[in-house]
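Working through the structure, step by step
So you can see what is in the structure, the chains are spelled out below.
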Amino acid sequence: QVQLVESGGGLVQPGGSLRLSCAASGRTFSNYGMGWFRQAPGKEREFVAQINWSGGTTYYADSVKGRFTISRDNAKNTVYLQMNSLKPEDTAVYYCNAQNGPYAYWGQGSQVTVSS
């Protein structure tokens with residue numbers, strides 16, 4: 001089992017920045033690829049960003065490419081999502097995900113609201 005706890009969400013104005021953190025406990029963190037997903041009201045959960053076990057490979061949804069950066073610190077068992085130039089359409093609950101083969105774990109989610 002892997003337990004994931006997100007933090008860092010909140011209310012921010014358009015154009016602003018936030019950094020989400022996801023602290024993991026349980027299994028060996030570096031064995032897992034990590035990702036961020038989001039779900040806006042009335043919409044399906046969607047992929048945002050992904051990072052491999054070493055941090056050497058990252059992938060982003062087209063909608064966030066160039067604005068968001070995913071990173072990880074295996075010594076701290078934490079993955080981050082730096083979000084810049086935020087837009088109202090980025091408003092959603094953001095979920096942290098840990099994946100290793102068929103095993104997938106989710107955090108409880110962190111609300112991000114972009115509004116003036």
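In what follows, the structure referred to is the one given above.
First, a word on scope: everything that follows refers to the structure included in this document. Everything quoted here is computed from the prediction, not taken from an experiment.

1. Quick word on the packing of aromatic side chains
Applying the stated criterion across every chain yields a total of three aromatic pairs. Seen from their ring centres, Phe-37 and Trp-106 are 5.0 Å apart, and the 70° between their planes marks the pair as edge-to-face. You can see Phe-37 sitting in strand 4 (residues 33–39) and its partner Trp-106 sitting in strand 10 (residues 103–106), a full 69 residues away along the chain. Taken together through their ring pairs, the aromatic side chains of Phe-37, Phe-47 and Trp-106 make up a single cluster. Geometry around Tyr-95 places Arg-45 over its ring, the cationic atom sitting 3.8 Å from the centre.

2. Section: the pattern of salt bridges
One pass over the structure, following the stated rule, counts four salt bridges. The partner of Arg-38 in a salt bridge is Glu-46, with the nearest N and O atoms 2.6 Å apart. For Arg-67, the salt bridge goes to Asp-90, with nearest N and O atoms at 2.8 Å. Placement of the pair is Arg-67 in the loop between strand 6 (58–60) and strand 7 (68–73) and Asp-90 in the loop between strand 8 (78–83) and strand 9 (92–100), with a sequence separation of 23 residues. Look at Arg-67 and you get buried, because its relative accessible area is 11%.

3. Some thoughts on the nonpolar core
Of all hydrophobic cores here, the largest spans 30 residues; its most connected members are Leu-4, Met-34, Trp-36, Val-79, Leu-81, Met-83 and Tyr-94. Where this core is concerned, the elements lending two or more residues are strand 1 (2–7), strand 3 (18–26), strand 4, strand 5 (46–51), strand 7, strand 8, strand 9 and strand 11 (110–114). Leave out the neighbours within four places in its chain, and Val-79 touches Leu-20, Ser-21, Cys-22, Phe-29, Met-34, Trp-36, Ile-51, Ile-70, Ser-71, Arg-72 and Cys-96.

4. Describing the side chain of Arg-38
Considering the arrangement of structural elements, one finds Arg-38 in strand 4. With a relative accessible area of 6%, Arg-38 lands in the buried category. Side-chain polar atoms of Arg-38 contact the side chain of Asp-90, separated by 2.9 Å. Polar contacts involving the side chain of Arg-38 include one to the side chain of Tyr-94, which spans 2.9 Å.

5. Re the pairing of strand 10
Note: strand 9 against strand 10, four bridges, orientation antiparallel. Within the sheet, the bridge partner assigned to Ala-98 lies in strand 10 and is Tyr-105. Counting the residues between successive antiparallel strands, the hairpin from strand 9 to strand 10 contains two residues, one of them, Gly-101, with a positive phi of roughly 60°.

6. Re the sheet that holds strand 8
Taken in spatial order, the four strands of this open sheet run 1-3-8-7, and their pairing is antiparallel. The open sheet is flanked by strand 1 and strand 7, the only strands paired with a single partner. The mean angle between the axes of side-by-side strands here comes to 15°, regardless of whether they run parallel or antiparallel.

Calculation rules
Sequence order as written defines the numbering, with residues in each chain counted from 1. Selection of residues for local features in this predicted model requires a pLDDT of at least 70, selection of side-chain atom pairs for listing and counting requires 80 or more, and totals for whole chains, interfaces and linings are taken over all residues. Calculated side-chain values reflect all of the structure's heavy atoms, with hydrogen atoms and water omitted. The aromatic pairing rule takes the rings of Phe, Tyr and Trp, using the six-membered ring of Trp, and pairs them if the centres are within 6.5 Å, calling planes under 30 degrees apart stacked, those over 60 edge-to-face and the rest tilted. Put simply, DSSP H or I for four residues or longer makes a helix, DSSP E for two residues or longer makes a strand, and each gets a number counted from the N terminus. Only lysine NZ and arginine CZ atoms are considered, and such an atom sits over a ring when it is within 6 Å of the ring centre and within 35 degrees of the ring normal. Salt bridges are defined as contacts in which a side-chain nitrogen from Lys or Arg sits within 4 Å of a carboxyl oxygen from Asp or Glu. Burial classification: accessible surface area is computed with a 1.4 Å probe over protein chains only, and a residue below 20% of its type maximum counts as buried, one above 50% as exposed, and the rest as partly exposed. Nine residue types can take part in a nonpolar core, namely buried Ala, Val, Leu, Ile, Met, Phe, Trp, Tyr and Cys, and a core is a set of them joined through side-chain atoms within 4.5 Å. The contact rule is simple, with two residues in contact once any of their heavy atoms fall within 4.5 Å. In protein, a polar contact means a hydrogen-donor-capable atom and an acceptor-capable atom, both N or O and within 3.5 Å, with residues adjacent in sequence counting only if both atoms are side-chain atoms; elsewhere, any N or O pair within 3.5 Å suffices. Two strands pair if DSSP finds at least two bridges between them. Orientation is described by lines fitted to C-alpha atoms, with helices fitted over the stretch in contact, and by angles between N-to-C directions that extend from 0 to 180 degrees.

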